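Given next are the chains, with one letter for each unit.
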Amino acid sequence: MDKKNLIVGQSGGPTAVINSSLYGVVSEALSHPEEIGCVYGMINGIEGFLNGTVLDFQEALPGERLSYLKHTPGAYLGSCRYKLPESLEDPVYPRLFEKFKEMNIGYFFYIGGNDSMDTVSKLSRYAARIGSDIRVMGEPKTIDNDLVLTDHTPGFGSAARYVASTVREIIIDANVYEKKSVTIVEIMGRHAGWLTAASVLARKYTGDNPLLIYLPETAFDVEAFLQKVEAAFEKNCNVVVCVSEGIHDKNGTFICEYDNSVGTDSFGHKMLAGCGKYLENLVRSRLGVKARSVELNVSQRCSSSMLSATDQKEAVQAGAFGVLAALKGETGKMIAFQRETAADGSYSMTCSLEDVNDICNKEKAVPMEWITEDGSDVGPAFIAYASPLIQGTVQVPMGEDGLPAFVYRK
């Protein structure tokens, strides 16, 4: 049988380890020259592939430079938010598969989150419909940690570490003055509060800040929030509150919509931002105390300075595992993580395969039993779950200018 080529792309929002997954795919593919020919990368995902923008990894990142992907944040190949049509009768599908045929593609890898797994599902189903032997695989990625059928996702551990570390710094800064103040920290998370929950790891002792943590899994009540803040002053005159960008009231209205008009992205998702600023103004006007808000924004997903070595290692492992599975004939699958806990309580993880059709267009929420009854905090079960994922420090190589040495496309 003639050797087939492999092509890989990245989609959706970047993470600190999305390029580690890319490294895992590319390095493993290049180690099988008897079965895989060229290893290509799609520039800007499936959308870029349709426009003919592709690179050859052996030319783009020869030798040791390939390993620099493991500590380079962002998406080296570039990303997109292109949604394939729901109908497999759409002419874009035969167009895509004709391009696959022209490039002798036998293996298609897509690294991304929920919407990316939707792309993997559609391409694998179309391949089955036309009898194509192309193997289509999904590599998980999301700081939101909301993919189902996997214990966690590459990207979450590093983002959680960044959130916990940054919130701890904010807490120390907030305690400078002996005067009542409230600091609202807004953290990414539209419908799932995994990343915001990670702020609990910032606490150094029981009763430490952040004194209040609000996730989108529960309804947010403005009046109850103000009462909680006032009560929190009895513990600390400087109150730190962490909130998910997607907190909403009992009617499903996002808190950021209370005084904002929000748009939608190409998938129809509301582009959330501003709940922190709204709550800042609310606290200042209603409680008459100093208030400020901090939006962690893109730094929480792209910072290489807070890379979790565990997260990086698992991302590489997922990429390599996917290639080996495809070589064995697997298709239409996403690589998943299965947690294993030894008798001594130590953490380990193994990779498995899950049908991508059971994953795409679903979201995994933080278990309600991990959230306090009044919805203003998370409990010890989450701490036990998240703590192993943020462990280990990655030494990022420095350039001659004293700044991190990343790899870039030219």
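Residues numbered from 1 in each chain as written. Predicted model: local features only at pLDDT ≥ 70, side-chain atom pairs only at ≥ 80, totals over all residues. Heavy atoms only, no water.

Engineer: Could you give an account of the layout of surface pockets, with specific residues and numbers?
Structural biologist: Of the volumes computed, that of the second largest pocket is approximately 340 Å³. Taken together, 18 residues line the second largest pocket, and the ones lying closest to its centre are Arg-203, Gly-207, Leu-211, Lys-235 and Asp-377. Looking at side-chain class alone, the lining of the second largest pocket contains 10 nonpolar, three polar and five charged residues. (1 Å grid on protein atoms, 1.4 Å probe; cavity = no way out; pocket = protein on both sides within 12 Å on 5 of 7 lines; lining within 4 Å. Points joined across faces, edges and corners; volume = space filled by probe spheres on them. Nonpolar A, V, L, I, M, F, W, Y, C, P; charged D, E, K, R; others polar.)

Engineer: Break down the sheet that holds strand β9 (residues 290–295) for me, with residues and values.
Structural biologist: Ordered in space as β7-β8-β6-β9, the four strands form an open sheet in which the pairing is parallel. Each edge of the sheet is formed by a strand with only one pairing partner; in this case those strands are β7 (212–214) and β9. Between one strand and the next, the sheet's axes are offset by a mean angle of 15°, whatever the strand orientation. Two strands pair when backbone bridges link them, and strand β6 (residues 181–187) and strand β8 (residues 238–244) are joined in this way by seven bridges, in the parallel orientation. Paired with Ile-184 across the bridge in β8 is Val-241. Relative to β6, helix α6 (residues 156–174) is tilted by about 165°, and along the sheet it contacts β6, β8 and β9. (Pairing = 2+ DSSP bridges. Helix = DSSP H or I, 4+ residues; strand = E, 2+ residues; numbered from the N terminus. Axes fitted to C-alpha atoms, helices over the stretch in contact; angles between N-to-C directions. Contact = heavy atoms within 4.5 Å.)

Engineer: Quick one: what's the story with the packing of helix α1 (residues 18–30) against helix α11 (residues 309–327), residue by residue and with numbers?
Structural biologist: Taken N-terminus to C-terminus, the directions of α1 and α11 make an angle of 40°; their axes are 7 Å apart at the nearest point. By the angle between their axes, α1 is oblique relative to α11. Here α1 runs over α11; the crossing is right-handed. Between α1 and α11, the contacting residues are Ser-20, Ser-21, Tyr-23, Gly-24, Val-25, Glu-28 and Ala-29 on the first element and Gln-312, Ala-315, Val-316, Gly-319, Ala-320, Val-323 and Leu-324 on the second. (Parallel < 35°, antiparallel > 145°, perpendicular 65-115°, else oblique. Left-handed = near helix turned anticlockwise from the far one by under 90°.)

Engineer: Tell me what's going on with the side chain of Asp-208, and back it up with residues and numbers.
Structural biologist: Structurally, Asp-208 can be placed in the loop between α7 (194–197) and β7. Ignoring sequence-local partners within four residues, the contact set of Asp-208 consists of Ile-171, Ala-202 and Arg-203.

Engineer: Describe in detail the packing of aromatic side chains, supporting the description with residues and values.
Structural biologist: Pairs of aromatic rings are described using the distance from one ring centre to the other and the angle between the two planes. Tallied over the entire structure, the rule returns 17 aromatic pairs. Ring geometry for Trp-194 and Tyr-385: centres 5.2 Å apart, planes at 45°, overall tilted. Residue Trp-194 is found in helix α7, and its partner Tyr-385 is found in helix α12 (residues 380–386); the two are separated by 191 residues along the sequence. Relative accessible area serves as the criterion here: at 3%, Trp-194 is assigned to the buried category. Note on Tyr-385: relative accessible area 7%, which makes it buried. (Phe/Tyr/Trp six-rings, centres within 6.5 Å; stacked < 30°, edge-to-face > 60°. Buried < 20%, exposed > 50% of the residue type's maximum accessible area, 1.4 Å probe, protein only.)

Engineer: Break down unusual backbone geometry for me, citing the residues and quoting the values.
Structural biologist: Cis geometry marks the peptide bond from Asn-209 to Pro-210, where omega comes out at 0°. Note that Pro-210 resides in the loop between α7 and β7. The phi torsion at Asn-104 lies on the positive side, around 55°, for a residue other than glycine. Of note, Asn-297 is a non-glycine position whose phi angle comes to about 55°, a positive value.

Engineer: Kindly report on the pattern of salt bridges, identifying the contributing residues and their values.
Structural biologist: Applying the stated criterion to the full structure yields 14 salt bridges. Taking the shortest distance from any N to any O, the salt bridge between Arg-203 and Asp-377 comes out at 3.0 Å. Within this pair, whereas Arg-203 is found in the loop between α7 and β7, its partner Asp-377 is found in the loop between β11 (347–355) and α12, the two being separated by 174 residues in sequence. By relative accessible area, Asp-377 is classed as buried at 17%. The partner of Glu-280 in a salt bridge is Lys-277, with the nearest N and O atoms 3.0 Å apart. One end of the pair, Glu-280, and the other, Lys-277, are both in helix α9 (residues 275–287), three residues apart, so they sit about a helical turn from each other. For Lys-277, a relative accessible area of 45% translates into the label partly exposed. Members of the salt-bridge network, linked through shared partners, are Lys-83, Glu-86, Asp-118 and Lys-122. (Salt bridge = Lys/Arg side-chain N within 4 Å of Asp/Glu carboxyl O.)

Engineer: Which residues make up the environment of Val-148, and what are the values?
Structural biologist: Looking at the secondary structure, you find Val-148 in the loop between β5 (135–140) and α6. Expressed as a C-alpha distance, the spacing of Val-148 and Lys-364, which sit 216 residues apart in the sequence, is 5.2 Å.

Engineer: Residue-level account of the sheet that holds β11, with values.
Structural biologist: The strand order across the open sheet formed by seven strands is β3-β2-β1-β4-β5-β10-β11, and the pairing between neighbours is mixed. Each edge of the open sheet carries a strand with a single partner, namely β3 (54–56) and β11. Each strand of the sheet is rotated relative to its neighbour by a mean of 30°, with strand direction disregarded. Looking at chain direction, strand β1 (residues 4–10) and strand β4 (residues 105–112) are connected through six bridges and run parallel. In the strand pairing of β4, Asn-5 is matched with Ile-105. Seen against the sheet, α1 touches β1, β2 (36–42), β4 and β5 and runs at an angle of roughly 175° to β1.

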